[in-house]
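Observations on the model geometry
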Amino acid sequence: MTKLAIMGAMEEEIEPLLAHFDNVKVTEFAKNKYYELTYNGLDIVVAYSKIGKVFASLTATTMIEKFGCDTLLFSGVAGGINPTLKIGDLIIAKKLCQHDLDITAFGHPHGFVPEGAVYVETSKELRQIAFDVAHENGIEVLEGTIATGDQFVHSSERKEFIESTFKADALEMEGASVAVICDALNVPFFILRAISDTADMDAGFDFDEFLKSSAKNSAEYLIKIVNKLNN
Ligand code: OS5
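Notes on the structure follow. Numbers given for residues are sequential positions, taken from 1 along each chain in its written order. Residue-level local features of this predicted model are given only where pLDDT is at least 70; pairs of side-chain atoms are given and counted only at 80 or more, and the full residue set underlies all totals for whole chains, interfaces and linings. Side-chain figures throughout are based on the complete set of non-hydrogen atoms in the structure, without hydrogens or water.

**What about the side chain of D169?**
Counting from the N terminus, the helices are the DSSP runs of H or I reaching at least four residues and the strands are the DSSP runs of E reaching at least two. Inspection of the secondary structure puts D169 in the loop between helix 4 (156–166) and strand 9 (170–172). Aside from chain neighbours lying at most four places away, what touches D169 is G80, I81, N82, L85, I91, L142, G144 and T145. Every residue pair with non-hydrogen atoms within 4.5 Å of one another is taken to be in contact.

Right, here's the structure in full:
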């Protein structure tokens with residue numbers, strides 16, 4: 001039977017998910033809380049990792065290796081790059097990359113280290129389920145590339161570098177690290193984000209304003225996807 005991991009980075013990203021669940025058992029591990037529950041006949045573990053690639057890697061690994069999760073879904077917010085993405089809009093990652101990984105001094109492309117890959121692809125099956133759910137519910141969603149790095153991007157210069165180097169549609173601070181972990185451990189995964197800002201000079205202000213509403217957009221769609229998983 002499937003055991004599902006559902007992750008966010010910030011508490012605000014998992015709060016609207018937890019609102020759908022009851023009889024939750026809380027376990028503490030490695031300075032974090034893990035919420036275990038059953039929903040729709042599925043065993044689920046929910047957690048927020050804290051911000052950035054290191055914490056996200058720790059949480060993803062813990063959910064897989066300690067809690068035995070065999071499928072991972074991420075829900076949260078992102079900075080928009082693709083101009084068609086407005087605040088509140090949804091993006092599903094087809095592939096993810098690390099925009100701050102740089103050993104170009106040795107002739108390698110940005111985002112690449114030996115024995116790794118610039119892009120890691122998400123599960124085609126989970127994306128298909130998400131598209132079916134979007135179609136059935138009249139939800140508009142973009143499929144694209146998400147770039148991850150340990151920076152809150154709030155400048156047009158950095159945003160343009162990420163756009164031109166990786167052809168990324170959105171950016172955030174955790175997705176690609178989760179992707180690397182899941183790919184290495186052979187766990188199908190899915191990364192969903194809703195836009196909270198457009199990673200430019202207004203990003204800090206917009207993020208504060210729209211974190212909660214965008215996190216809820218992402219969470220409500222994710223719950224609909226979860227509802228479909230056991231059908
Ligand atoms: O998890 C981080 C990445 N998230 C996606 C994102 C993003 N990433 C990069 N650049 C952008 N323009 C992005 N837009 C959306 C969001 C999140 C960003 S870092 C937010 C930090 C906010 C904060 N810092 N302190 N607090 C909130 C208060 C606080 C204090 C104690 C405990 C908890 C919170």
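From this point, things continue past the structure.
**Let's talk about the nonpolar core**
Each nonpolar core is a collection of buried residues, namely Ala, Val, Leu, Ile, Met, Phe, Trp, Tyr and Cys, held together in the definition by side-chain atoms within 4.5 Å. Relative accessibility decides the category of a residue: with a 1.4 Å probe and only protein chains considered, values under 20% of the type maximum give buried, values over 50% give exposed, and everything between is partly exposed. Membership of the largest hydrophobic core comes to 36 residues, with the highest contact counts inside it found for M7, M63, L72, L96, V178 and F189. Put simply, the parts of the chain that give this core at least two residues each are strand 1 (3–8), strand 4 (42–48), helix 2 (53–65), strand 5 (71–80), strand 6 (90–98), helix 5 (175–184), strand 10 (189–197) and helix 6 (203–229). Tallying contributions element by element places helix 5 first for this core, with five residues. Sequence-distant contacts of M7, defined by excluding residues within four places in its chain, comprise I14, A47, S49, A56, T59, A60, M63, L72, L73, F74, S75 and V178. In terms of nonpolar packing, the next biggest core, distinct from the first, is built from 28 residues, V133, V141, Y221 and V226 among them.

**Focus: the pattern of salt bridges**
The working definition used for a salt bridge is a side-chain nitrogen of Lys or Arg within 4 Å of a carboxyl oxygen of Asp or Glu. For the structure shown, the criterion picks out nine salt bridges. Note that K228 and E136 form a salt bridge whose closest N and O atoms lie 2.5 Å from each other. On the criterion of sequence distance, the pair formed by K228 in helix 6 and E136 in helix 3 (residues 124–137) is long-range, its members being 92 residues apart. Its relative accessible area of 51% is what places E136 among the exposed residues. K216 is the salt-bridge partner of E220, the closest N and O atoms lying 3.7 Å from each other. A residue pair is termed a helical-turn pair when its members lie 3 or 4 positions apart in one helix, as E220 and K216 do in helix 6 at four residues. Via salt bridges that share partners, E13, E172, E174 and R193 belong to a single interconnected network.

**A short note on the pairing of strand 2 (residues 25–29)**
Regular strands show a simple pattern: their side chains alternate between the two faces of the sheet. The rule for pairing is simple: two strands pair if DSSP sees at least two bridges between them. Sheet topology places strand 2 next to strand 3 (residues 32–39); five bridges connect them, and they run antiparallel. Paired with F29 across the two strands is N32, which belongs to strand 3. What sits between the antiparallel neighbours strand 2 and strand 3 is a turn of two residues, in which A30 has the positive phi angle 50°.

**Thoughts on the environment of K216**
Residue K216 is classed as partly exposed on the basis of its relative accessible area of 45%. Separated by 201 residues in the primary sequence, K216 and E15 place their C-alpha atoms 8.5 Å from one another.

**Examining the site of the ligand**
Taken together, 18 residues form the shell around the ligand, and within it V77, V153, L171, E174 and D197 come nearest. Polar contacts, as counted here, are pairs of nitrogen or oxygen atoms within 3.5 Å of one another; within protein the pair requires one atom able to donate a hydrogen and one able to accept it, and residues that are adjacent in sequence qualify only if both atoms are side-chain atoms. Measuring from a nitrogen atom of the ligand, one finds a backbone N or O atom of G79 at 3.3 Å. At 2.7 Å from an oxygen atom of the ligand is found a side-chain nitrogen or oxygen belonging to E174. When residue character is reported, Ala, Val, Leu, Ile, Met, Phe, Trp, Tyr, Cys and Pro are called nonpolar, Asp, Glu, Lys and Arg charged, and the others, Gly included, polar. Here the shell around the ligand is built from residues that sort into 11 nonpolar, three polar and four charged. Proximity criterion: a residue is near a molecule or strand once any of its heavy atoms comes within 4 Å of it.

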